[in-house]
Structures are given as structure tokens and as C-alpha cells.
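Okay, here's what each chain looks like letter by letter:
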Amino acid sequence: MSYVRLFLYYTIICSGILFFGIGINRTIQITSDSLRVNFKVVLKSFISIFLTTILSYLIIQYILVPIRLAELFPLISMMIFLCINTFIEALVRITAKVSTAEFSISWLVIILSLYECTNLPEAMLICTSCMLSFLIMLPLVYCFQKLLTLKPYDKSEKKQVFLILSISIIMLVLSVSDITWFNLLGGK
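Fair warning: this is a prediction, and the values are worked out from it, not measured in the lab. (Residues numbered from 1 in each chain as written. Predicted model: local features only at pLDDT ≥ 70, side-chain atom pairs only at ≥ 80, totals over all residues. Heavy atoms only, no water.)

(A) Main features of the packing of aromatic side chains. Under the definition given, this model contains two aromatic pairs. With a centroid separation of 5.2 Å and 35° between ring planes, the pair formed by phenylalanine 46 and phenylalanine 50 is classed as tilted. Of this pair, phenylalanine 46 and phenylalanine 50 are both found in helix H3 (residues 35-64), four residues apart, which corresponds to roughly one turn of the helix. You can call phenylalanine 46 partly exposed: its relative accessible area is 27%. We classify phenylalanine 50 as partly exposed; its relative accessible area is 28%. Look at phenylalanine 81 and tryptophan 107: their rings are 6.4 Å apart centre to centre, the planes differ by 35°, and that puts the pair in the tilted class. Pair noted here: phenylalanine 81 is in helix H4 (residues 73-96) and tryptophan 107 is in helix H5 (residues 104-116), with a separation of 26 residues, a long-range link. (Phe/Tyr/Trp six-rings, centres within 6.5 Å; stacked < 30°, edge-to-face > 60°. Helix = DSSP H or I, 4+ residues; strand = E, 2+ residues; numbered from the N terminus. Buried < 20%, exposed > 50% of the residue type's maximum accessible area, 1.4 Å probe, protein only.)

Okay, here's the thing in C-alpha cells:
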């Protein structure tokens, strides 16, 4: 698979957030915060994902695979991610005096990219594509939130439930083309 096709596949067709559901709740929280904090969270997440994926891939490829312990890659990548993420979080808190704590999206993107790749450039491309699909989703969620503020709701929980249902409808619409029963119409 060419790198352009791989990039488009994990950015649009098999988007990490719309197909796998990575970070649906976090998008609602991020779009309700200030834009400056959002940029810092996304930048810190991207740096920690990138570094963790590189180190994890190298350790998996050159240490775990030769000794036939490749099944331990989630544990190894989790330990690497926790070290890198803690270090970068400490740097951001000291310099910018703001918390950019984020775990679930970064961890799931790392696992997805390490599981789906065949070489290091593909892993880096999948990481970038997943983060880009997350960034593309933020304006859509923001538009849904602004649309929901036009209509008064009693509680914020109802608004969040409606927002998650809207995102899940988008997920279904995008993944409906991947259903194999369309092939049954062609012939028997």
C-alpha cells in the first residue's frame, strides 16, 4: 500500500476517532476549553505519541521479535509511553504552568499504529493520520456544540448524550460502505 493511500485511509476512511472511537469523550472536553490549552494538549500528545512509537517499534523489532516475545508489545509501549508522557507533562507544567494531561487518545493511537504497521515509516504515518483525523473532528464537534446551544436543554448531560449520539451517527454513515452485504447484490 502506498504511503498516500495509507495516509488517506487512516485520516478519512478508517479515521481513528470515527471508526475506532478513539477519543470521542475527549473531543467534547477539548472543544469546550480554550483554544490555547487545546493546542498545547494536541502538541504534547503528538510529541509523546511520536517518540513512544519510534522507541517502541525499535524495541519490539530488535529485542522482542528476536527472542519471540512480541506479544509483550503493549506492556513495553505502555512503560515507554508513561516515561515519555510524564517527562513532557512535567516540562509543560513547569514552563507553561498549565496541565495538558491526556492519556487515552495517545495510548490508543500508539497501540493502533504499532499493531497496524509493517515498518517504522508506516507506524509514523498512521500516528500522524490518527492525530490529523482527531484534529479534523474537533471543528465538527465544536459545530455540534454550538448548534446544541441554540436549543435550550435542562441539563448538560442531555447535551453531551445528544452530542455523542450525533458523532455515532456520523461513525455509522462513514463505516456503512465497509459492509460486505453490498457484495451480495452483484451475483450469486
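Read on for the rest.
(B) Quick peek at the pattern of salt bridges. For the structure on display, the rule yields two salt bridges. Across the pair glutamate 89 and lysine 44 runs a salt bridge whose closest N-O atoms are separated by 3.5 Å. Note that glutamate 89 is positioned in helix H4 and lysine 44 in helix H3, a separation of 45 residues in sequence. Each member of the pair, glutamate 89 as well as lysine 44, carries the same accessibility label: buried. With a shortest N-O distance of 2.7 Å, glutamate 89 and arginine 93 are connected by a salt bridge. Of the two residues, glutamate 89 and arginine 93 are both situated in helix H4; the distance of four residues between them amounts to about one turn of the helix. Since its relative accessible area comes to 46%, arginine 93 is described here as partly exposed. (Salt bridge = Lys/Arg side-chain N within 4 Å of Asp/Glu carboxyl O.)

(C) Spatial organisation of the side chain of serine 45. By secondary structure assignment, the location of serine 45 is in helix H3. What makes serine 45 buried here is its relative accessible area of 4%.

(D) Highlighting the environment of methionine 124. Structurally, methionine 124 can be placed in helix H6 (residues 120-149). Once the C-alpha coordinates of methionine 124 and phenylalanine 50 are considered, the two residues, 74 residues apart in sequence, prove to be 6.8 Å apart. Residue contacts for methionine 124: discarding those within four places in its chain leaves Phe50, Thr53 and Ile54. (Contact = heavy atoms within 4.5 Å.)

(E) Spatial organisation of the environment of glutamate 89. Assessed through its relative accessible area of 11%, glutamate 89 is described here as buried. It is 9.2 Å that separates the C-alpha atoms of glutamate 89 and glutamate 102, two residues lying 13 residues apart in sequence. Of note is the side chain of glutamate 89, whose polar atom sits 2.7 Å from the side chain of arginine 93. (Polar contact = N/O pair within 3.5 Å; in protein donor to acceptor, adjacent residues only side chain to side chain.)

All we've got here are geometric facts, nothing functional implied.
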